[in-house]
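# Structural overview
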Amino acid sequence: MFSNSAARVSHVDARAAAALLARTARFNWALLRAVLVWVRGHLRWVLALLGLSAVLQLLGNPAGFREALALAFGPALAGAVWVTCWPVSYERFIAGPARRAGWRRWVRKNWEHISRECGLSVSRTTKSRTFGLAPKEGSRFVASQSQTVTVWTHARLVDVTTAGHLLRLMVQTRTGQTTDDLEAAAAPIAAAAGAKAYRCVHMTPSVVEIVLVMADALTEPRPAASPSEVYVNAVTLGRRQDGTPWYLTIIGRHTLVVGCSGSGKGSIFWGVCAGLAPAVRAGVVRLWGVDLKRGVEVGMGKPMFSAVATSPAEAVKLLTRLLAILEERGNRMAGQTRLHRPTPVDPLHVLAIDELAVLTAYTDPETKKEASRLLAEILTQGRALGVVVLACVQDPRKEVVGLRGLFTQTIALRLRSAEETRMVLGDGAAAVAPAHRISPAMPGTAWVVDEDGAMDRVRADWWSDQLVRQVATQHPAPVVEAVATAAPGKGGRGTGGVPRAGSGSGVPAAPATGHTTSGRTPARNPRAPRKQRTRSTDGSSAA
Ligand SMILES: Nc1ncnc2c1ncn2[C@@H]1O[C@H](COP(=O)(O)OP(=O)(O)OP(=O)(O)O)[C@@H](O)[C@H]1O
């Protein structure tokens with residue numbers, strides 16, 4: 001008995017000792033690597049001090065020899081310990097500022113060369129005259145000697161600044177140049193600087209800011225956070241390539257999301273819908289879902305939606321109902337106000353469509369025609385009347401998405417060709433916003449056009465099925481729209497709809513069939529247990 005427990009203790013000790021040994025070895029190896037990196041980066045300093053220490057040794061000054069060695073390797077060792085034990089603070093106080101200073105120095109020192117090689121400079125040859133003594137003529141002063149010289153004129157580097165991973169060059173055109181020329185040179189400048197990406201911001205008719213992204217802040221996926229605040233104007237979808245948050249304006253915008261299969265359209269779909277969830281619960285926003293991939297996507301967060309259609313026929317009914325709301329609201333707003341302001345009695349309606357092409361291209365001709373007509377009306381009238389559309393599609397061709405031009409903002413996820421990038425982001429976009437070159441290993445990454453017309457690379461946060469279900473359960477829509485019974489032009493009061501069961505309004509509960517989704521929704525993952533449609537008085541669902 002005793003010998004057994006002793007053996008167990010010694011076994012545990014051996015395992016702890018082995019772990020400690022492994023940790024120590026890893027630490028020493030990290031330290032050694034950091035020292036070697038430091039020495040490589042400061043080779044001249046180290047060699048000079050090693051030389052000095054050798055001379056001092058030869059001169060019989062062992063104290064000086066030791067000091068020189070300490071000077072050569074002391075900072076390396078201190079830096080190595082710092083970077084190994086506290087990498088974040090080392091990056092913040094030492095490595096980051098040093099790297100950024102190096103970028104600025106590189107640009108300032110080499111600007112003329114960069115400008116010349118990247119096609120921003122012009123040269124002109126002129127004759128120059130020199131005066132002096134001519135040896136052949138007995139060192140007599142000769143009036144002039146003529147020689148041909150090349151004179152370069154460069155675009156002007158107004159300023160160089162850095163922040164985080166960004167290197168910003170403010171460049172001014174030279175005479176005869178336009179900002180388009182500066183923009184065209186941004187790609188070779190980015191390549192010369194070893195930048196991961198770049199973008200151009202037109203500051204004035206003669207000044208462009210070239211923003212070089214020196215390290216990719218989008219490489220790592222980031223999980224989305226459960227929203228808690230009521231936001232209607234915009235939602236946070238992820239981050240921009242400079243690491244700042246990426247907001248998508250919702251009010252007054254129709255958004256088209258284009259990306260091939262697996263490009264991450266779901267992240268943007270849920271970024272918007274789940275991002276608006278607190279506003280949905282507060283009643284300021286009403287979500288309408290059209291999921292023509294058999295309801296697989298919207299099924300994840302169905303409680304957030306006031307109505308869901310999963311077939312083209314249901315979608316037509318839903319669009320008809322929405323158009324009726326829009327018409328009623330238009331009549332009410334006429335002569336009163338030109339822009340709808342969402343309130344709990346008169347909410348913002350957000351129509352979220354997953355796989356738009358099924359509705360506008362791949363269904364029977366009659367449904368296709370009717371759906372396209374309804375959607376076109378919503379897109380043309382809805383912006384000011386508080387009805388906005390978010391549509392996701394894989395194929396941006398005109399014959400698939402004929403209504404492409406009616407969307408007021410587009411998000412280009414990974415696309416299949418430069419031609420598709422041009423279709424989605426506009427002429428000339430393939431060069432500056434190459435959505436067709438987004439790596440398949442980085443789903444959720446996209447190119448967007450900013451308010452000022454500049455293109456920027458962004459990455460949406462990742463919404464897991466579990467998080468979508470959780471957000472939907474926490475923020476159910478207080479009102480269910482009885483879309484299936486709607487007839488064209490018979491929407492009645494636009495903000496109508498039936499309060500959800502148990503929402504405390506005293507209005508009879510809507511039947512579970514209030515959603516247009518017919519009975520069965522194919523599940524992508526095992527579904528969470530179905531919630532009973534009764535609610536306790538605090539508004540939370542009761543199982
Ligand atoms: N923002 C993101 N960050 C990291 N990974 C992501 C992100 N978005 C999506 N993914 C990954 O990519 C996969 C495909 O994403 P998603 O289903 O959203 O693509 P999709 O464009 O909707 O494709 P399809 O059109 O075929 O449905 C997901 O299963 C997930 O693993």
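Relevant structure appears above.
Our subject in this report is the structure included herewith. Note that the structure is predicted; figures quoted are calculated from it, not measured. (Residues numbered from 1 in each chain as written. Predicted model: local features only at pLDDT ≥ 70, side-chain atom pairs only at ≥ 80, totals over all residues. Heavy atoms only, no water.)

## Digging into a nonpolar patch on the surface
Taken together, the side chains of Leu43, Leu47, Leu50 and Phe73 make up a nonpolar region of the molecular surface, amounting to roughly 330 Å² of accessible area. It is helix α2 (residues 43-58) that provides the largest number of residues to the nonpolar patch, a total of three residues. Relative to the helices and strands, leucine 50 is located in helix α2. (Patch = residues over 30% accessible without salt bridge, like charges linked within 9 Å, V, L, I, M, F, W, Y side chains within 5 Å. Areas by Shrake-Rupley, 256 points an atom, 1.4 Å probe, with all protein chains shown as cover. Salt bridge = Lys/Arg side-chain N within 4 Å of Asp/Glu carboxyl O. Helix = DSSP H or I, 4+ residues; strand = E, 2+ residues; numbered from the N terminus.)

## Describing the sheet that holds strand β10 (residues 285-291)
An order of β8-β7-β16-β15-β14-β9-β13-β12-β10-β11 is seen for the ten strands of this open sheet, with the pairing classed as mixed. Lying at the two open borders of the sheet, with one neighbouring strand each, are β8 (245-249) and β11 (305-309). Averaged over all neighbouring strand pairs, the angle between strand axes comes to 30°, with direction disregarded. Here four bridges tie β10 to β11, and the two strands are oriented parallel to one another. Across the sheet, leucine 287 pairs through a bridge with phenylalanine 305, a residue of β11. Running at roughly 130° to strand β13 (residues 387-393), helix α10 (residues 365-385) makes contact with β12 (348-354) and β13 of the sheet. (Pairing = 2+ DSSP bridges. Axes fitted to C-alpha atoms, helices over the stretch in contact; angles between N-to-C directions. Contact = heavy atoms within 4.5 Å.)

## A word on the site of the ligand
Taken together, 17 residues surround the ligand, and among them Ser261, Lys265, Ser267, Lys293 and Ala460 come closest. In the environment of the ligand, an oxygen atom lies 2.6 Å from a nitrogen or oxygen atom belonging to the side chain of serine 261. Glycine 262 has a polar backbone atom sitting 2.8 Å from an oxygen atom of the ligand. Breaking the shell around the ligand down by element, the ones donating at least two residues are α6 (265-275) and β16 (455-460). If one sorts the elements of the shell around the ligand by residue count, α6 sits on top with three residues. (Near = heavy atom within 4 Å. Polar contact = N/O pair within 3.5 Å; in protein donor to acceptor, adjacent residues only side chain to side chain.)

## Remarks on the sheet that holds strand β4 (residues 166-172)
With antiparallel pairing, the four strands of this open sheet are ordered in space as β3-β4-β6-β5. Strands with a single pairing partner mark the edges of an open sheet, and in this sheet they are β3 (156-163) and β5 (197-204). Geometrically, the sheet is characterised by an average inter-axis angle of 20° between neighbouring strands, direction not taken into account. Direction of pairing for β3 relative to β4: antiparallel, over a ladder of seven bridges.

## Observations concerning the packing of aromatic side chains
Tallied over the entire structure, the rule returns three aromatic pairs. Pairing tryptophan 82 with tyrosine 90 gives two aromatic rings, centres 5.6 Å apart and planes at 80°, and the pair type is edge-to-face. Look at phenylalanine 269 and tryptophan 270: their rings are 5.1 Å apart centre to centre, the planes differ by 85°, and that puts the pair in the edge-to-face class. Each member of the pair, phenylalanine 269 as well as tryptophan 270, is classed as buried. Following the ring pairs from residue to residue traces out a cluster consisting of Phe269, Trp270 and Phe305. If you follow arginine 116 out to its NZ or CZ, it ends over the ring of tryptophan 152, 5.3 Å from the centre. (Phe/Tyr/Trp six-rings, centres within 6.5 Å; stacked < 30°, edge-to-face > 60°. Buried < 20%, exposed > 50% of the residue type's maximum accessible area, 1.4 Å probe, protein only. Lys NZ or Arg CZ within 6 Å of the ring centre and 35° of its normal.)

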